[in-house]
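Fold and geometry: a report
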Amino acid sequence: MRRQGVAGILLPFGRVARLSGPEVPEAKRVCDTLAIRRKGAVGFAKNSDREPDEVQRLEFHPGVTGDAARRLRCTHIEIEQAPDRRGVLISRPQWMWGAEMGVNDAGLAIGNEAVFSKSVLKSGAALLGMDLVRLGLERASTASGAVEIITGLLERYGQGGGAGFRDRNFRYDNSFLIADADAVFVLETAGRDWAVKEAEDGWSISNSYTLRTGYDRATRTGDFKASNEVFAMPRLACASSRRLTTMEQVISAPPDLSLSYLAQSLRKHDGGDGFDRGSNRDVCMHAAGPLRPHASTGSMIALLRTNAPPITAFTGTLNPCISLFKPAGFETQSRSLFDPDLFAQGARLVARAKSDRVFRQSVHQSIADAEPALFEAITTGAAGKAEALAASWTREWLQTQGR
């Protein structure tokens, strides 16, 4: 794609779109989330794509019972606090209260994506989509319960406000993928309106609406996508192309889901390895210029099982193609994942890999060598072994080689 000036853009299929008003020709915040349902289990995976220098941290917040606090300060506004809350593992941009993605101790996972609606709040502030992710995780125990929590909060408080790290004028509405071991829901919103659908075998979302009229419930009838989506931003972000890739992963998933399959689903590039070649069609996004200013700054994979704790892993670092997925559990917290310097170490690794092809090939091979044993240890509950494997890789490739 080429920049055509403020009056127009060349879309991926070669047609120039003329822009005016708030639709500036700049593709921001492209993310992807997918959920796959197989054999009584659900696999969940998300890349969080944001500004590459925006630190994103993994945090554990234990459950709370009988909290006497009446009010809760979210990113921009205060709302009523809930006295009882679930324990949560969340990946959170450090400047905001809300979370890009996470899982709770009941086995509920939620991720959100920016969607560009005609109803976006142009001034003032309400709940961010990331606030709604964290509120759903803290206050719900099931996917259906999270749908009710999020839609109720949306209708009461609305959504919107500055959502960018450096550009606090960057605003958008949100879609959500909400899953537990028994159900997957896609929830799409525009202002205070919403539509929801239960996806029997799985679903994926990107930066465009996916629901038209085939939803289960909605605040208004009609074609939800056609009624709410603006023209240029989803096309500039190549949202449909990325969703084709992630939906293929949903459709082609084997009967027995694995962490490895979910991890590879987040490492997809349209061509090359993301460093030499890259585009907004990449699921694993690498920042490069004004039309691709964001990168995959954090990634999460989870296996959600009936009557069993969730199996989860996060990168905690940029670009899943060059990041190891590290263990994260509610009983044992991974020291190598909760290190406050982890994100900066990952950024240095990416910087070196960008200029050194041989080095990044060595990193790719080290991940391919380490992850089979690591994922087996995570899946079988061998927490100590998983932590030792992750810590060993971190010492070699982040604390030493990435300097």
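Now for a look at the structure at hand.

**A look at the sheet that holds strand 8 (residues 88–93)**
- Taken in spatial order, the 8 strands of this open sheet run 5-8-9-10-11-12-13-15, and their pairing is antiparallel. With partners counted over all chains shown, the strands left at the sheet margins are strand 5 (56–61) and strand 15 (217–218), one partner each.
- For strand 9 (residues 101–104) and strand 10 (residues 109–115), the ladder comprises 3 bridges, and the chain directions are antiparallel. When the sheet's bridge partners are listed, M101 is paired in strand 10 with G111.

**Some remarks on the environment of R242**
- Among the structural elements, R242 can be located in helix 5 (residues 239–252).
- Linking R242 and T213, residues 29 residues apart in sequence, is a C-alpha distance of 22 Å.
- In this view, R242 contacts V30, C31, D32, S206, N207, A237, N280, R281, D282, V283 and M285; residues no more than four positions away in its chain are not counted.
- Reaching out from R242, the side chain makes a polar contact with the side chain of D32 at a distance of 3.0 Å.
- Within polar-contact distance, the side chain of R242 engages the backbone oxygen of A237 at 2.9 Å.

**Some points on the pairing of strand 9**
- Of the two faces of strand 9, the one carrying M101 and V103 and the one carrying G102 and N104 are both buried.
- Linking strand 9 back to strand 10 in an antiparallel pair, the connection comprises 4 residues, with G107 at a positive phi of about 90 degrees.

**Concerning the packing of aromatic side chains**
- Taken as a whole and assessed by the stated rule, the structure comprises 5 aromatic pairs.
- Considering the side-chain rings of Y209 and F224, the 5.7 Å spacing of their centres and the 70 degrees angle between planes classify their relative orientation as edge-to-face. Here the residue Y209 occupies a position in the loop between strand 14 (202–205) and strand 15, and F224 occupies one in helix 3 (residues 224–228), the gap between them amounting to 15 residues.
- When its relative accessible area of 5% is taken as the criterion, F224 is described as buried.
- Taking the centre distance of 6.1 Å and the plane angle of 50 degrees together, the rings of F359 and W397 count as tilted. Taken together, the positions of F359 in helix 9 (residues 357–379) and W397 in helix 10 (residues 383–400) put the pair 38 residues apart, joining distant regions of the chain.
- Judged by relative accessible area, F359 falls into the buried class, the value being 5%.
- Taking NZ or CZ as reference, R168 lies 3.7 Å from the ring centre of W95, over its face.
- Its end group placed over the ring of W203, R243 keeps NZ or CZ at 5.0 Å from the ring centre.

**A short note on the state of the cysteines**
- Applying the stated criterion across every chain, the model contains 0 disulfides.
- Counting only cysteine sulfurs, C284 is the nearest neighbor of C31, a cysteine outside any disulfide, at a range of 12 Å.

**Brief notes about a negative patch on the surface**
- Negative charge collects at one region of the surface, where E198, E200, D201 and D216 lie side by side.
- Summarising the element assignment, E198 is placed in strand 13 (residues 193–198).

**Some remarks on the sheet that holds strand 17 (residues 311–314)**
- If you trace the 6 strands from one edge of the open sheet to the other, you get 14-3-4-16-17-18, paired in antiparallel fashion. Of all strands in the sheet, those bounded by a partner on one side alone are strand 14 and strand 18 (326–328). Taking the axes of each pair of neighbouring strands and ignoring which way they run, one obtains an average angle of 15 degrees across the sheet.

**A look at the packing of helix 1 (residues 129–139) against helix 2 (residues 143–157)**
- Helix 2 packs onto helix 1 with a crossing angle of 135 degrees between their chain directions and a minimal axis gap of 9 Å. One way to sum up the angle between helix 1 and helix 2 is to call them oblique. Considering only the axes of helix 1 and helix 2, their crossing is right-handed. Here helix 1 contributes L132, L135, G136 and R139 to the contact with helix 2, which in turn contributes A146, I149, I150, L153 and L154.
- The class makeup of the residues in the contact of helix 1 with helix 2 is 7 nonpolar, 1 polar and 1 charged.

**Concerning the pairing of strand 11 (residues 173–179)**
- Taking burial as the measure, the 7 residues of strand 11 include 7 buried ones, the bulk of the element.
- Taking every second residue as pointing to the same face, both faces of strand 11 are buried, with D173, S175, L177 and A179 on one and N174, F176 and I178 on the other.
- Pairing between strand 10 and strand 11: 7 bridges, direction antiparallel. What sits directly across from N112, in strand 11, is F176.
- Across 5 bridges, the pairing between strand 11 and strand 12 (residues 184–190) is antiparallel.

**Considerations on the pattern of salt bridges**
- Overall, the coordinates contain 22 salt bridges when judged by the stated rule.
- One salt bridge connects D53 with R166, and the closest N-O pair in it is separated by 2.5 Å. Of this pair, D53 sits in the loop between strand 4 (41–50) and strand 5 while R166 sits in the loop between helix 2 and strand 11, and the two are 113 residues apart along the sequence.
- The salt bridge involving R85 is made with E138; its shortest N-O contact spans 4.0 Å. Residue R85 is found in the loop between strand 7 (78–80) and strand 8, and its partner E138 is found in helix 1; the two are separated by 53 residues along the sequence. Residue R85 shares its accessibility class with E138, and that shared class is buried.
- Linked by salt bridges that have partners in common, K46, R50, E54, E100 and E113 make up one network.

Conventions we followed
- Residues numbered from 1 in each chain as written.
- Predicted model: local features only at pLDDT ≥ 70, side-chain atom pairs only at ≥ 80, totals over all residues.
- Heavy atoms only, no water.
- Pairing = 2+ DSSP bridges.
- Helix = DSSP H or I, 4+ residues; strand = E, 2+ residues; numbered from the N terminus.
- Contact = heavy atoms within 4.5 Å.
- Polar contact = N/O pair within 3.5 Å; in protein donor to acceptor, adjacent residues only side chain to side chain.
- Buried < 20%, exposed > 50% of the residue type's maximum accessible area, 1.4 Å probe, protein only.
- Phe/Tyr/Trp six-rings, centres within 6.5 Å; stacked < 30°, edge-to-face > 60°.
- Lys NZ or Arg CZ within 6 Å of the ring centre and 35° of its normal.
- Disulfide = S-S within 2.5 Å.
- Patch = residues over 30% accessible without salt bridge, like charges linked within 9 Å, V, L, I, M, F, W, Y side chains within 5 Å.
- Areas by Shrake-Rupley, 256 points an atom, 1.4 Å probe, with all protein chains shown as cover.
- Salt bridge = Lys/Arg side-chain N within 4 Å of Asp/Glu carboxyl O.
- Lys, Arg positive; Asp, Glu negative; His and termini not counted.
- Charge placed at Lys NZ, Arg CZ, Asp CG, Glu CD.
- Axes fitted to C-alpha atoms, helices over the stretch in contact; angles between N-to-C directions.
- Parallel < 35°, antiparallel > 145°, perpendicular 65-115°, else oblique.
- Left-handed = near helix turned anticlockwise from the far one by under 90°.
- Nonpolar A, V, L, I, M, F, W, Y, C, P; charged D, E, K, R; others polar.

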